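Examination of the molecular architecture
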Amino acid sequence: MDPKTGETLAKLLTAAWLLPLLGFAVEIFAGYLWSRRSKAAAYLAVGCIVGAFLCSASALYLYRQLPTIPVVHHEASHQHGKAGHDETKPVHGEGTVVAKEEEHHTDPAPRMHSFSGTHYVLAKFSNLKISIDWYIDSLTIVMFAMVTLIASCIHVFAMGYMSEELTEEYEDHQVHTSHGHFSRPGRFYKFFAFLSLFCFSMLGLVLAGNIFLVFVFWELVGVCSYFLIGFYIERKSASTAANKAFIMNRVGDFGFLIGLMIIWTSFGTFQFATRTEADGQKQLGLFDMVRGADGKLDLQDEPGKKAVLLTDDHDHPLLAADGTRRSIPYILLIGAGLGVFAGCVGKSAQFPLQTWLPDAMEGPTPVSALVHSATMVAAGVYLAGRFYPMFVPEVQLVIAYVGAITLFVAATIAIVATDIKRVLAYSTISQLGYMMLAIGLGGWAAGLFHLITHAFFKSLMFLCSGSVIYGCHHVQEMPQMGGLRKKMPITAYTMLIGVIAICGLAIPGVDVFFGGVAAKLGLPASFQNVMSEKWAFSGYHSKDAIVATAMTYAQLNPLHALLFILPLAGAGITAFYMFRLWFYTFAGKPRDQHVYDHAHESPWLMTAPLILLAAFAAFCACGGEKGFLFTMLLGSEPAHVADGLAAGATSKLALPSHHQIHDNHATAGFYALVVAAVGTFTAYLFYGARQFKLNPSEVQSRFPWLYTFLAEKWRFDDLYDVMFVKPVHIVARWCAATDRLVFDGILHGACRIGIVVSHWDRLFDENIVDGLVNWVSNVTYGAGSSFRYLQTGRLRQYVMFIVVGVVLVGGFGLFWLMLRIRPS
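Residues numbered from 1 in each chain as written. Predicted model: local features only at pLDDT ≥ 70, side-chain atom pairs only at ≥ 80, totals over all residues. Heavy atoms only, no water.

As a further point, take the pairing of strand S10 (residues 305–309). Pairing of strand S9 (residues 299–302) with S10 involves 4 bridges; the strand directions are antiparallel. Note on S10: the bridge partner recorded for Glu302 is Lys305. As consecutive antiparallel partners, S9 and S10 are separated by 2 residues, and within that stretch Gly304 has a phi angle of approximately 80°, a positive value. Alignment of S10 against strand S11 (residues 327–329), held across 3 bridges, turns out to be antiparallel. Among the inter-strand pairings, Ala307 is bridged to a residue of S11, identified as Pro329. (Pairing = 2+ DSSP bridges. Helix = DSSP H or I, 4+ residues; strand = E, 2+ residues; numbered from the N terminus.)

A few words on the packing of helix H5 (residues 211–229) against helix H11 (residues 376–386). Close contact between H5 and H11 brings their axes to 10 Å; oriented N to C, the two are set at 160°. Relative to H11, the element H5 lies roughly antiparallel. The way H5 lies across H11 gives a crossing that is left-handed. Contact residues: H5 offers Ile211, Val214, Trp218, Val221, Gly222 and Ser225, while H11 offers Met376, Ala379, Gly380 and Leu383. The residue makeup of the contact of H5 with H11, split by class, is 7 nonpolar, 3 polar and no charged. (Axes fitted to C-alpha atoms, helices over the stretch in contact; angles between N-to-C directions. Parallel < 35°, antiparallel > 145°, perpendicular 65-115°, else oblique. Left-handed = near helix turned anticlockwise from the far one by under 90°. Contact = heavy atoms within 4.5 Å. Nonpolar A, V, L, I, M, F, W, Y, C, P; charged D, E, K, R; others polar.)

Ranked by size, the top nonpolar core spans 211 residues in total, and within it Ile211, Phe267, Trp356 and Phe387 carry the most contacts. For this core, the element with the most residues is helix H3 (residues 138–161), which contributes 17 residues. Not counting residues up to four positions away in its chain, the partners in contact with Trp356 are Ile229, Lys244, Ala245, Met248, Asn249, Gly346, Lys347, Ala349, Met376 and Val377. The next biggest cluster of nonpolar side chains, apart from the first, holds 28 residues, and it includes Ala404, Ala545, Ile546 and Val547. (Core = buried A, V, L, I, M, F, W, Y, C linked by side-chain atoms within 4.5 Å. Buried < 20%, exposed > 50% of the residue type's maximum accessible area, 1.4 Å probe, protein only.)

Reported here for the second largest pocket is a volume of approximately 830 Å³. Arg580, Tyr584, Phe686, Tyr687 and Pro696 are, among the 32 residues lining the second largest pocket, the residues nearest its centre. For the lining of the second largest pocket, the secondary structure elements donating two or more residues are helix H19 (562–586), helix H23 (658–688), helix H24 (696–702) and helix H25 (704–711). The element contributing the most residues to the lining of the second largest pocket is H19, with 6 residues. Looking at the lining of the second largest pocket residue by residue, the classes come out as 19 nonpolar, 6 polar and 7 charged. (1 Å grid on protein atoms, 1.4 Å probe; cavity = no way out; pocket = protein on both sides within 12 Å on 5 of 7 lines; lining within 4 Å. Points joined across faces, edges and corners; volume = space filled by probe spheres on them.)

The next point concerns empty space enclosed by the protein. Overall, the coordinates contain 7 cavities of 30 Å³ or more when judged by the stated rule. Estimates place the volume of the largest cavity at around 90 Å³. Around the largest cavity, the lining is made up of 13 residues, and of these Gln354, Thr355, Pro358, Ile413 and Tyr426 lie nearest the centre. Residue assignment for the lining of the largest cavity shows that the elements contributing at least two residues are helix H12 (393–414), helix H13 (420–440) and helix H26 (716–787). At 4 residues, H12 tops the list of elements feeding residues into the lining of the largest cavity. Residue classes in the lining of the largest cavity are distributed as 7 nonpolar, 3 polar and 3 charged.

So, on to the packing of aromatic side chains. Scanning the model with the defined rule gives 36 aromatic pairs in all. Plain terms: the ring middles of Trp264 and Phe270 are 5.9 Å apart, the flat faces sit at 65° to each other, and that makes the pair edge-to-face. Note on Phe270: relative accessible area 3%, which makes it buried. Plain terms: the ring middles of Phe537 and Phe619 are 6.3 Å apart, the flat faces sit at 80° to each other, and that makes the pair edge-to-face. Of this pair, Phe537 sits in the loop between strand S13 (535–536) and helix H18 (538–556) while Phe619 sits in helix H21 (residues 604–619), and the two are 82 residues apart along the sequence. The exposed category is assigned to Phe619, whose relative accessible area is 56%. (Phe/Tyr/Trp six-rings, centres within 6.5 Å; stacked < 30°, edge-to-face > 60°.)

Take a look at the structure:
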């Protein structure tokens with residue numbers, strides 16, 4: 001393989017990463033020079049992000065031309081090669097063929113190449129290097145293409161949606177002052193500047209080659225989300241939502257920092273992959289140090305001590321300075337994994353930090369689309385996938401349960417939500433739970449597969465909701481809608497494609513028919529594979545893979561059957577609330593005639609991105625597990641995932657293998673399809689049917705406590721208010737009272753004493769000290785004034801004074817002499 005290929009890929013992706021930063025710099029600094037009515041900032045932002053997409057697409061095309069590397073699974077020994085800078089070892093997407101006497105088989109999904117390098121070294125502390133590293137594998141390439149494509153569509157859509165900001169004086173009708181509605185200058189250029197910075201941050205996070213650099217861009221993503229969620233900062237709800245998102249993410253990031261500290265102290269490096277630097281020195285990566293070439297942990301399990309022995313990139317033991325083998329205590333490895341995952345919990349709005357994401361709907365709809373699909377919340381799932389080799393089974397179990405709880409809780413809340421954007425927000429939380437569940441259960445590719453498919457159909461649905469809000473003049477409540485299909489058909493039917501995709505619906509039997517036809521016609525094998533897959537939109541394939549993984553995991557670990565029951569039930573609930581949204585909004589009769597009469601389809605500038613995203617939402621997963629997208633992701637799958645894990649090998653938990661999951665695929669897919677169909681039909685009966693229609697109000701009246709519980713979001717906000725907010729307020733009041741009564745009392749008492757002392761000091765100073773000084777000065781002044789009369793300036797008088805003085809002195813001297821010589 002030509003080593004220049006990696007350099008070319010790095011240049012293309014670096015250009016794609018830096019183009020949005022260039023746009024941000026020009027937009028934010030030159031924006032003050034442009035008119036508030038100018039669209040120059042939008043044109044520049046769109047040009048930069050489209051250019052980034054073209055660079056990413058070129059990198060994807062170049063990467064696909066590289067030959068794959070078949071991977072050999074070794075069953076017994078760890079004494080064989082591991083990943084290095086030459087990218088020929090099978091660790092986290094890197095592979096090589098190594099001869100071995102033990103029986104082996106070749107993975108049907110060959111590994112793909114990966115590349116790593118350094119742009120710039122920021123600092124070096126002994127063996128620890130802080131640098132701007134890059135790491136490129138098939139996951140990086142796919143993420144770049146997805147983020148830039150979706151961001152390009154959202155940028156174009158935003159040019160129409162945010163057109164109200166193209167004014168010298170924007171009047172916000174949701175902010176009231178004593179003089180009427182609040183007015184401010186338009187912020188059109190600022191909006192696109194923040195979007196550009198947001199995309200730069202996310203792309204930098206994906207390209208980062210070490211966990212410290214990931215954390216840097218992780219925080220920058222959080223800052224950008226704060227700017228965009230709080231774009232209408234004058235609105236109390238928007239500023240509160242921005243603060244809530246920022247603070248709750250900092251809670252998760254505290255755990256992230258703990259994980260970073262454990263990694264630093266235990267490994268002495270932050271970089272992911274092993275590589276040889278320009279000076280010939282080899283820098284070991286985290287993944288190679290923890291796992292063997294077959295992806296397994298080298299455990300030292302002794303009484304009272306369980307540790308993971310560290311190795312280099314050729315499975316040679318790493319030795320400490322005293323000659324003993326380097327290792328990390330197993331409990332610390334669990335702590336590092338949970339710490340990093342805590343950051344993912346905050347960023348991806350997982351239980352128990354999920355409450356900030358629905359409130360983030362206060363930002364403009366294009367922001368919601370970008371946050372919920374390709375950037376912020378996707379960052380948490382991406383990091384969980386990238387850091388997967390560092391997760392031990394106990395950490396994975398925590399990830400799985402967090403995901404399962406999240407997907408179910410959020411799905412149930414979406415059932416009763418009436419704000420069109422909030423329904424989609426809870427849907428996002430639920431789908432992110434599916435992704436985390438898959439990663440926790442060992443379905444690495446399935447979780448990331450759903451991340452990509454979800455990004456397309458969720459961005460589509462958010463933009464469709466924005467089109468509805470725009471066409472209905474900022475009405476977001478679904479009870480005020482109805483029948484809008486006739487007014488905005490493009491929005492309605494593109495939204496329907498997204499709804500079908502997320503529900504995971506498919507047409508049964510068609511795959512068998514067309515697969516047989518393709519075989520009889522002698523079409524190429526790749527085409528036959530695609531035709532033999534179920535005819536369904538993208539969400540079916542990715543969610544089917546997750547449910548199959550959950551089913552297999554539950555069979556291997558019966559104690560954790562809940563991890564299969566919850567996602568299966570969630571599939572039905574998802575179908576119900578998503579079709580409820582569509583029927584509520586676009587079907588039936590208008591519920592508010594005024595809204596309906598003034599509703600209209602959005603302009604082509606806004607509907608064209610919907611059509612493009614609808615195509616990707618429908619067909620991006622074409623072929624399912626045999627398709628382009630899934631096989632691309634498999635190329636970066638960690639080496640230990642394919643064969644699973646037997647119970648007792650590392651822990652009491654068993655992880656499913658590819659073969660075991662594949663055996664359950666058809667059954668799990670059937671179960672998921674049935675419950676999704678039931679959920680769809682139930683939604684139709686409640687909100688879509690004209691005859692035999694069920695009344696949701698009757699159900700609500702029969703179960704008022706349940707409706708209230710769900711409408712109040714499982715009372716998580718109330719719980720956090722009681723557990724954290726109110727105690728903080730109590731402590732704050734106590735501190736304020738202590739400050740006011742104790743510290744201020746002491747200070748005020750000291751001040752009063754000082755005032756009294758200063759008063760007496762003044763009296764003493766004025767009457768004694770100043771009095772004595774003043775008396776001396778007065779006496780001196782009086783004596784001087786008395787002698788003034790003797791200074792007449794007359795010479796005769798002075799001579800007389802001299803004569804009198806001589807006489808007096810002489811007389812006094814004579815008198816004294818006489819006294820001295822007087823006889824006894």
